[in-house]
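For reference, the chains in residue letters:
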Amino acid sequence: MPTEAGRHPTEDPDRGTRRDADEAADAPFSERLKRATWSAHEDAEQHGFSRALLEGALPRESYAAMVAQHYFAYAALEEVGRSLAADPVAGRVVHPELFRVPALERDLTALYGADWRERIAPTAPTRAYTERIERTAEDPAGYVAHHYTRYLGDLSGGQFIRRVAERAYGLDQRGGTAFYDFSALGSLPRFKARYRAQLDALELELDAAAREHVVDETRLAYRLNMAVLADLGASFAADAAV
């Protein structure tokens, strides 16, 4: 899956975990959130399906199946986002210009044809994922975690997937990789910096328990995503499954 953080930094084996914890406690909330999910980022990068996809080693239909599962996740994410747009916590990260469902619909038309709605269905792991997202309609802090996990990943590592898909499958942003086209945002580095600043400002609205909940829910979001990928790997490439 796309990830925002990248790999673990090189660490001095003599450094103690207490110093790391102290540094984390002093870091901005966005940085603490990234650090807390480093292991999940690394797992995502090493996932068999993700590796094979980034190497262009999977058939076009496996990429199409991943796009289809994205559609169900983003339909849930953006429906909840619209319901929480005025919320003082979740509303800080809801940006309509980020919404991906229209782009996904274009991609699915290109990949499956005009009858794509009749040809796709959520897998069991995707249903579990979307059900968790839907529950965050009553949990604005939890929604922030899912929003961060998906959109920041697509703005970062997702751009690599776009280039591979265009090269391997002969697709483009008019249909097939429109999902990864964020040109409407302008400069992606500037947008990501603004998004992280909004996360940092959000910290002032959350107590310690709520901040920890965002971190925990982010970890859960990664696990749910990994389950979706593992299922796709098992379905489309035995050597891509975990």
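Thresholds applied
Position labels on residues start from 1 in each chain and follow its written sequence. With the structure being a predicted model, the display of local features is reserved for residues of pLDDT at least 70 and the display and counting of side-chain atom pairs for 80 or more, all residues being used for whole-chain, interface and lining totals. In computing side-chain values, all of the structure's heavy atoms are included and hydrogens and water are not. Helix and strand assignments follow DSSP, with helices taken as H or I runs no shorter than four residues and strands as E runs no shorter than two, numbered in order from the N terminus. A helix is expected to span 1.5 Å multiplied by its residue count minus one. By the criterion applied in these results, polar contacts are pairs of N or O atoms within 3.5 Å in which, for protein atoms, one can donate a hydrogen and the other can accept it, and in which residues neighboring in sequence qualify only through two side-chain atoms. Residue contacts are counted whenever heavy atoms from the two residues lie within 4.5 Å of one another. Only Phe, Tyr and Trp rings take part, Trp by its six-membered ring, and two of them pair if their centres are within 6.5 Å. Stacked means planes under 30 degrees apart, edge-to-face means over 60, and tilted covers everything else. Think of it in three bands: residues with accessible area under 20% of the maximum for their type are buried, residues over 50% are exposed, and the middle band is partly exposed, with areas taken using a 1.4 Å probe on protein chains only. To get an axis, fit a line to the C-alpha atoms, keeping to the stretch in contact for a helix; angles then go from 0 to 180 degrees between the N-to-C directions. For classification purposes, an angle smaller than 35 degrees is called roughly parallel, one larger than 145 roughly antiparallel, one from 65 to 115 roughly perpendicular, and anything else oblique. For a crossing to be left-handed, the near helix must be turned anticlockwise from the far one by less than a right angle; the clockwise case is right-handed. Side-chain classes follow a simple rule in which Ala, Val, Leu, Ile, Met, Phe, Trp, Tyr, Cys and Pro form the nonpolar group, Asp, Glu, Lys and Arg form the charged group, and the remainder, Gly included, forms the polar group. Here a salt bridge means any side-chain nitrogen of Lys or Arg lying within 4 Å of a carboxyl oxygen belonging to Asp or Glu. To qualify as a nonpolar core, a set must consist of buried Ala, Val, Leu, Ile, Met, Phe, Trp, Tyr and Cys residues joined through side-chain atoms within 4.5 Å.

Q: Explain helix H12 (residues 208–236) here, please?
A: Two residues of an α-helix separated by three or four positions point the same way, owing to the 3.6 residues in each turn. Taking 1.5 Å per residue, 29 residues should reach 42 Å; H12 reaches 43 Å between its end C-alpha atoms and fits that length. Where H12 begins, the side chain of Asp207 points an oxygen toward the backbone nitrogen of Ala209, at a separation of 3.2 Å.

Q: Would you take a moment to explain the side chain of Thr177 for this structure?
A: Its place among the elements puts Thr177 in the loop between helix H10 (158–169) and helix H11 (188–202). One polar contact links the side chain of Thr177 to the main-chain carbonyl oxygen of Asp172, over a distance of 3.1 Å. Of note is the side chain of Thr177, whose polar atom sits 3.2 Å from the backbone nitrogen of Gln173. Excluding anything up to four places from it in sequence, Thr177 contacts Tyr63, Asp107, Arg162, Ala165, Glu166, Leu171 and Asp172.

Q: For this particular structure, what's the right way to read the packing of aromatic side chains?
A: Given two aromatic rings, their pairing is described by the distance between the two centres and the angle made by the two planes. What the rule picks out here adds up to six aromatic pairs. Each ring, one from Tyr74 and one from Tyr151, has its centre 5.5 Å from the other, and the planes form 75°; the classification is edge-to-face. One end of the pair, Tyr74, is in helix H5 (residues 60–83); the other, Tyr151, is in helix H9 (residues 140–155), and 77 residues separate them in sequence. For the pair shown, Tyr74 and Tyr151 are each scored as buried. Taking 4.7 Å as the distance between ring centres and 75° as the angle between the ring planes, the aromatic pair formed by Phe179 and Tyr180 counts as edge-to-face. You can call Tyr180 buried: its relative accessible area is 1%.

Q: Whenever I open this one, the side chain of Ser30 confuses me. Can you help?
A: With respect to the helices and strands, the residue Ser30 is situated in helix H2 (residues 29–36). Setting aside residues no more than four positions away along its own chain, Ser30 makes contact with Arg196, Leu199 and Asp200.

Q: Looking at this structure, I do not really get the packing of H9 against H11. What am I missing?
A: The interhelical angle for the contact between H9 and H11, taken along N-to-C directions, is 165°, at an axis separation of 11 Å. By the criterion of interaxial angle, the relationship of H9 to H11 is roughly antiparallel. As for the relative orientation of H9 and H11, their crossing is left-handed in sense. Between H9, through Val144, His147, Tyr148, Leu152 and Leu155, and H11, the contact on the second element is made entirely by Leu188, Phe191, Lys192, Tyr195, Arg196, Leu199 and Leu202. Within the contact of H9 with H11, the residues separate by chemical class into nine nonpolar, one polar and two charged.

Q: I would appreciate a short explanation of the pattern of salt bridges in the present structure.
A: Note on pairing: side chains with opposite charge can pair once their charged atoms come close. A complete count under the given rule lists 10 salt bridges for this structure. The salt bridge partner of Arg162 is Glu166, with a shortest N-O separation of 3.4 Å. Placement of the pair is Arg162 and Glu166 together in helix H10, with a separation of four residues, close to one helical turn. Taking relative accessible area as the criterion, Arg162 reaches 16% and is therefore assigned buried. Judged by its relative accessible area of 26%, Glu166 is partly exposed.

Q: Quick question: what am I supposed to make of the nonpolar core here?
A: Note that soluble globular proteins tend to have their nonpolar side chains buried in a common cluster. One finds Tyr63 and Tyr112 to be the most contacted residues of the largest nonpolar core, which totals 65 residues. Per element, the largest residue contribution to this core is 13 residues, and it comes from H5.

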